[in-house]
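Below, each chain spelled out in residue letters.
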Amino acid sequence: MSIMERFKLTNKVAIMTGGASGLGKAMADALSEAGAKLVIADLNGEAADRVAKDLEERHGVPAISVEVNVTNEKQVEAMVDKVIKTFGQIDILFNNAGIGSHEKVENMTYETWKKQLDVNLNSMFLVSNAVGKYMRAQNRGVIINTSSMSGIIVNTPQPQAAYNTSKAGVIMFTKSLAIEWAEHGIRVNTIAPGYMKTDLTREYYEDNGDKVKKWNELTPMKRPGTPDELGGLAIYLASDASSFVTGSVFTVDGGYTAQ
Ligand code: NAD
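Small disclaimer: the values here were computed from a predicted structure and weren't measured. (Residues numbered from 1 in each chain as written. Predicted model: local features only at pLDDT ≥ 70, side-chain atom pairs only at ≥ 80, totals over all residues. Heavy atoms only, no water.)

(A) Representation of unusual backbone geometry. For the bond from threonine 156 to proline 157, the omega torsion is 10°, close enough to zero to count as cis. By secondary structure assignment, the location of proline 157 is in the loop between strand S5 (141-146) and helix H6 (161-181). Positive phi is not limited to glycine here, since asparagine 11 has a value of about 70°. Residue placement: asparagine 11 occurs in the loop between helix H1 (3-6) and strand S1 (13-17). Not every positive phi belongs to a glycine, and lysine 222 is a case in point at roughly 60°. Within the secondary structure, lysine 222 is located in the loop between helix H8 (210-218) and helix H9 (231-238). (Helix = DSSP H or I, 4+ residues; strand = E, 2+ residues; numbered from the N terminus.)

Okay, structure coming up:
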């Protein structure tokens, strides 16, 4: 098979959690363009529906939406059932849904701490297990988890211990699962983006205050990334082009963590 053939995702089924917005939406777009059937799984059902319809229209490949809270075990099971009923298989799982906040530990409620750990990390346990049973049965699959450069370094000046901790956990969960499921033909990798302009960071960019100036100053490329700059990596990791890659962390951060 030629190298460009290996990037194709024709006949593959991909779930993108948090696919209704930002990075998830952009990476779902890339996977759909490469030929994958897409499941946009998001808390925001209406937005997920709009994204799925748009993908179908622009790329001519089936796409569905599922409204799901990835921290709710029953909803996750129902989502996976729906995908299997609709498409009969799951080849790619992108655990991407995430939240964050800027708060010092001493000002943070225990609820806030737990919620970030729950959405950003514990959900990956739930969704990977619900999908993993099908991937193990078919003896193949790809899981990609969205971490952050904040899982590797503590970015400043904002305090975000819960976010950083959850994202570091994503990296170790990825490596652990990669080792456990290698024998089942399942590859598990993680991406670690730097500052990206999305809904998650919109308020800071719109404000264009000291925080954003600092972020750009601390990034060697002196700018935030745009969601579409993750598309190539998403296709690479989801496809056979990365067939010997598992347990790896991919930073996409304009050089931030290289310093
Ligand atoms: P975003 O807010 O634009 O999108 C997040 C999506 O996740 C939303 O559509 C939201 O509805 C969904 N979501 C949130 N909680 C959910 C839940 N419980 N169940 C299902 N869906 C849920 O944010 P984004 O910037 O696109 O972030 C996507 C991922 O990328 C997150 O994991 C985030 O931590 C990570 N990340 C973002 C940046 C950045 O600078 N934007 C940098 C590094 C990593």
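There is more to say after this.
(B) Just the packing of helix H4 (residues 73-87) against helix H5 (residues 110-138), in detail. With their axes 9 Å apart at the nearest point, H4 and H5 run at an angle of 35° to one another. Here H4 and H5 pass one another in a crossing that is right-handed. Of the residues in H5, those in contact with Glu73, Val76, Glu77, Met79, Val80, Asp81 and Ile84 of H4 are Leu126, Val127, Ala130, Val131, Lys133 and Tyr134. Of the residues assigned to the contact of H4 with H5, the class counts are 9 nonpolar, no polar and 4 charged. (Axes fitted to C-alpha atoms, helices over the stretch in contact; angles between N-to-C directions. Left-handed = near helix turned anticlockwise from the far one by under 90°. Contact = heavy atoms within 4.5 Å. Nonpolar A, V, L, I, M, F, W, Y, C, P; charged D, E, K, R; others polar.)

(C) Looking closely at the site of the ligand. Among the 28 residues in the neighbourhood of the ligand, the closest are listed as Ser21, Leu23, Asp42, Tyr163 and Thr198. Here an oxygen atom of the ligand sits 2.5 Å away from a polar atom, N or O, in the side chain of threonine 198. Contact with the protein chains hides 92% of the accessible area of the ligand, taken as 830 Å² for the molecule alone. When atom positions are compared with the pocket grids, the ligand is found to occupy the largest pocket. (Near = heavy atom within 4 Å. Polar contact = N/O pair within 3.5 Å; in protein donor to acceptor, adjacent residues only side chain to side chain. Areas by Shrake-Rupley, 256 points an atom, 1.4 Å probe, with all protein chains shown as cover. 1 Å grid on protein atoms, 1.4 Å probe; cavity = no way out; pocket = protein on both sides within 12 Å on 5 of 7 lines; lining within 4 Å. Sits in = over half its atoms within 2 Å of the grid points.)

(D) Broad picture of the layout of surface pockets. Volume-wise, the largest pocket comes out at about 1,000 Å³. Ala97, Gly98, Ile99, Gly100 and Leu200 are the residues nearest the centre of the largest pocket, which is lined by 46 residues in total. Taken together, the elements giving at least two residues each to the lining of the largest pocket come down to helix H2 (22-33), strand S2 (37-42), H5, H6 and helix H7 (199-207). No other element matches H7, which puts 5 residues into the lining of the largest pocket. Split by residue class, the lining of the largest pocket holds 18 nonpolar, 22 polar and 6 charged. (Points joined across faces, edges and corners; volume = space filled by probe spheres on them.)

(E) How the structure looks around H5. Its 29 residues place the ends of H5 40 Å apart at the C-alpha level, agreeing with the 42 Å of an ideal helix rising 1.5 Å per residue. Its maximal kink placed at aspartate 118, H5 deviates by approximately 45°. Phi turns positive one or two residues past the end of H5, at asparagine 139, with a value near 60°. (Expected span 1.5 Å × (residues − 1). Bend = angle between axes of the 7 residues up to and from the residue.)

(F) Molecular detail of a negative patch on the surface. On the surface, a cluster of negative charge is made up of Glu203, Glu206, Asp207 and Asp210. Of all the elements, H7 adds the most residues to the negative patch, at 3 residues. The topology assignment puts aspartate 210 in helix H8. (Patch = residues over 30% accessible without salt bridge, like charges linked within 9 Å, V, L, I, M, F, W, Y side chains within 5 Å. Salt bridge = Lys/Arg side-chain N within 4 Å of Asp/Glu carboxyl O. Lys, Arg positive; Asp, Glu negative; His and termini not counted. Charge placed at Lys NZ, Arg CZ, Asp CG, Glu CD.)

(G) Quick look at the pattern of salt bridges. Inspection of every chain in the model, using the stated rule, returns 11 salt bridges. We note a salt bridge from lysine 114 to glutamate 111, for which the minimum N-O separation is 3.7 Å. Placement of the pair is lysine 114 and glutamate 111 together in helix H5, with a separation of 3 residues, close to one helical turn. The exposure class of lysine 114 is partly exposed, given its relative accessible area of 35%. With relative accessibility at 54%, the residue glutamate 111 sits in the exposed group. Linking glutamate 217 and lysine 214 is a salt bridge whose minimum nitrogen-to-oxygen distance equals 3.7 Å. (Buried < 20%, exposed > 50% of the residue type's maximum accessible area, 1.4 Å probe, protein only.)

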